[in-house]
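# Coordinate inspection notes
Given next are the chains, with one letter for each unit.
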Amino acid sequence: MNSTETAKSTDTLHDWQRSFIEFALEKQVLQFGEFTLKSGRVSPYFFNAGNFNDGESQQRIGEIYAKTLVESDIDFDLVFGPAYKGIPLAASTVFALQNSHGQNKFFSFNRKEAKDHGEGGTIVGAPLEGNLVLVDDVITAGTAIKETLSLLEAFPSASLTAAVILIDRQEKLADSDLSAIQALEQNFGLRILPAIRLDQIMKYLEDNGNHKEALIAMKNYREQYGV
């Protein structure tokens, strides 16, 4: 089952996902109000992963990515962090995979500009080979994935198998009935693995009962733009 099918089938909320939502609220990563997106839409919620900006946050994020990967049962050799946001995410993920799940995985990341001295090149860390998974915070247009696929053209022994993200907004693109995740899965044959989906956030808010106005606004927004 791919992530698109999962999103359609259930809004089941696991304990580790509930804990993640609570932490995102505590860190003011998950915010409610009116937020103008790049698309021009005015969203009643926003996920500002930049507020995961301390040691505890990086530890928790690593655990979330690791848990998502382990539960997906996907076969991979290396975690790739696209510069710049993906660099600490990749490091936190492989630490959590080893520390909590006994899986010792390689990781690497790219430089935006090639280094012309020392070891040189654009890749830092383990060689790019085998099955790779990319880590990113959110997906809008899938830019990081497309750039990574282009980068991997120079590394024929490496293959991008999946991408792990923090949240799936389950929101259709402006010019399509598909979400960004659905379009990427369809166009590139990748698995996109979100740690949490919008319907699960809404399930949490419904069970919690402390954000009734936000929940109503989110339901209206999803009715208009949701997949």
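About the criteria used
Think of each chain on its own: its residues are numbered from 1, step by step along the sequence as written. Totals for whole chains, interfaces and linings use every residue, but because this is a predicted model, local features are given only for residues with pLDDT of at least 70 and side-chain atom pairs only at 80 or more, for both listing and counting. Excluding hydrogens and water, the side-chain figures rest on all heavy atoms present in the structure. Secondary structure elements are defined from DSSP: runs of H or I of at least 4 residues count as helices, runs of E of at least 2 residues count as strands, and each element is numbered from the N terminus. Multiply 1.5 Å by the residue count of a helix minus one, and that product is the helix's expected span. Burial here depends on accessible area, computed with a 1.4 Å probe over protein chains only, as a share of the maximum for the residue type. Under 20% is buried, over 50% is exposed, and the range in between is partly exposed. What the arc describes is the spread of directions from the helix axis to the C-beta atoms. UniProt positions are given in the numbering used here, feature names are shortened, and annotations may be inferred rather than shown by experiment. Using a 1 Å grid laid over the protein atoms alone, points where a 1.4 Å probe fits but cannot get out form a cavity; open sets with protein on both sides within 12 Å along at least 5 of 7 lines form a pocket; any residue with an atom within 4 Å of a point counts as lining. Throughout, a residue-residue contact means that at least one pair of heavy atoms, one from each residue, lies within 4.5 Å.

The terminal C-alpha atoms of helix 2 (residues 15–26) lie 16 Å apart, and with 12 residues this matches the ideal 16 Å at 1.5 Å per residue to within 8%. Considered for burial, the residues of helix 2 that qualify are Trp16, Gln17, Phe20, Ile21, Phe23 and Ala24. Here the buried residues of helix 2 occupy an arc of 165 degrees about the axis, which is enough to place them on one side. Relative to its buried face, helix 2 has exposed residues pointing more than 90 degrees away, namely Asp15 and Glu26. Phi turns positive one or two residues past the end of helix 2, at Gln28, with a value near 55 degrees.

Under the UniProt annotation, the feature "binding site: orotate" (unreviewed entry) is placed at Phe46, Phe47, Thr140 and Arg169. Sequence-wise these annotated residues cover 124 residues; spatially they are packed, their C-alpha atoms never more than 12.7 Å apart. As for the annotated residues named above, the ones lining the largest pocket are Phe46, Phe47, Thr140 and Arg169. With respect to the helices and strands, the residue Phe47 is situated in strand 2 (residues 42–47). Taking relative accessible area as the criterion, Phe47 reaches 9% and is therefore assigned buried. Residue contacts for Phe47: discarding those within four places in its chain leaves Phe20, Ala24, Val29, Leu30, Phe52, Val138, Leu166 and Ile167. Tracing the sequence through the fold places Thr140 in the loop between strand 6 (130–135) and helix 5 (143–151). Classification of Thr140 by relative accessible area gives exposed; the value is 52%.

Between its terminal C-alpha atoms helix 8 (residues 212–225) stretches 20 Å, which fits the 20 Å expected from 14 residues at 1.5 Å a residue. Residues Ala214, Leu215, Met218, Tyr221 and Tyr225 constitute the buried set of helix 8. The arc enclosing the buried residues of helix 8, seen along the axis, measures out at 125 degrees, which places them on a common side. Helix 8 presents Lys212, Glu213, Ile216, Asn220 and Glu223 as exposed residues on the side facing more than 90 degrees away from its buried surface. The inward-facing, buried residues of helix 8 contact strand 1 (30–36), strand 2 and helix 7 (198–208).

Mapped onto the secondary structure, Val79 falls in strand 3 (residues 78–81). Residue classification places Val79 among the buried positions, given a relative accessible area of 0%. Taking the C-alpha atoms as reference points, Val79 and Phe107, separated by 28 residues in sequence, lie 4.6 Å from one another. Excluding anything up to four places from it in sequence, Val79 contacts Ala90, Thr93, Val94, Leu97, Phe106, Phe107, Ser108, Val133 and Val135.

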